[in-house]
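Coordinates in review
Now for the letters of each chain:
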Amino acid sequence: MARSEYLTTLCYLERGDSYLMMHRISKKKDINKDKWIGVGGHFEEGESPEECIKREILEETGYDIPLDEIEYRAVITFISDKGDYELMSLFTAKAPDSEPIPCDEGVFEWVKKDEVYALNLWEGDKIFFKELEKSDKFFSLKMRYDKEDKLIEAVLNGRNIL
């Protein structure tokens, strides 16, 4: 059985031409410190990817989005030469018209989709943003980072793209 600390989810909530982005500035010890990411987190015991992301969206934003309105878009494999490994399920969903509740993990901001690349993102996140824009097809992406968090390998649907 896969260990749940390696299994994560991430969702980009959309409203019009914007994504709800979280600026991770709240936690002192955070692998995503100062980065901009979507909402999500680690699986709890017995959860499916869909159940995990639905729970994470509710906990972090207060949005109770029905499961059938959350779209499973990709599986992302992260490997780091620091010894980290993560298998992440990537989702998108339409956000309700209300604003999200405050989150203790960071600060939310609606960011235009064409401006997201100017944010402090992980280099690999830019790859899956482009893939989300380009196609509605499900994809698989493997990314490997070196000990300085530099992206050194990216394999999209079995094809090396770096």
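Preceding this section is the structure that the text describes.
Okay, so let's go over this structure. (Residues numbered from 1 in each chain as written. Predicted model: local features only at pLDDT ≥ 70, side-chain atom pairs only at ≥ 80, totals over all residues. Heavy atoms only, no water.)

A few points about the pattern of salt bridges
Here the structure, examined in full by the defined rule, presents 16 salt bridges. Between R15 and E99 there is a salt bridge, with its nearest N and O atoms 3.0 Å apart. Note that R15 is positioned in strand β1 (residues 7-15) and E99 in the loop between β6 (85-94) and β7 (107-112), a separation of 84 residues in sequence. Notably, a salt bridge pairs K54 with D64, separated by 2.5 Å at the nearest N-O pair. Taken together, the residues K54 in helix α1 (residues 49-61) and D64 in the loop between α1 and β5 (70-80) connect sequence positions ten residues apart. K54 gets classed as partly exposed once you look at its relative accessible area, which sits at 24%. Ionic contacts of the salt-bridge type, sharing partners, join the residues E44, E47, R55, E56 and E59 into one network. (Salt bridge = Lys/Arg side-chain N within 4 Å of Asp/Glu carboxyl O. Helix = DSSP H or I, 4+ residues; strand = E, 2+ residues; numbered from the N terminus. Buried < 20%, exposed > 50% of the residue type's maximum accessible area, 1.4 Å probe, protein only.)

Overview of helix α2 (residues 123-134)
With twelve residues, α2 should reach 16 Å at 1.5 Å per residue; the first-to-last C-alpha distance of 18 Å fits that figure. If you check which residues of α2 are buried, you get G124, D125, I127, F128, F129, E131 and L132. (Expected span 1.5 Å × (residues − 1).)

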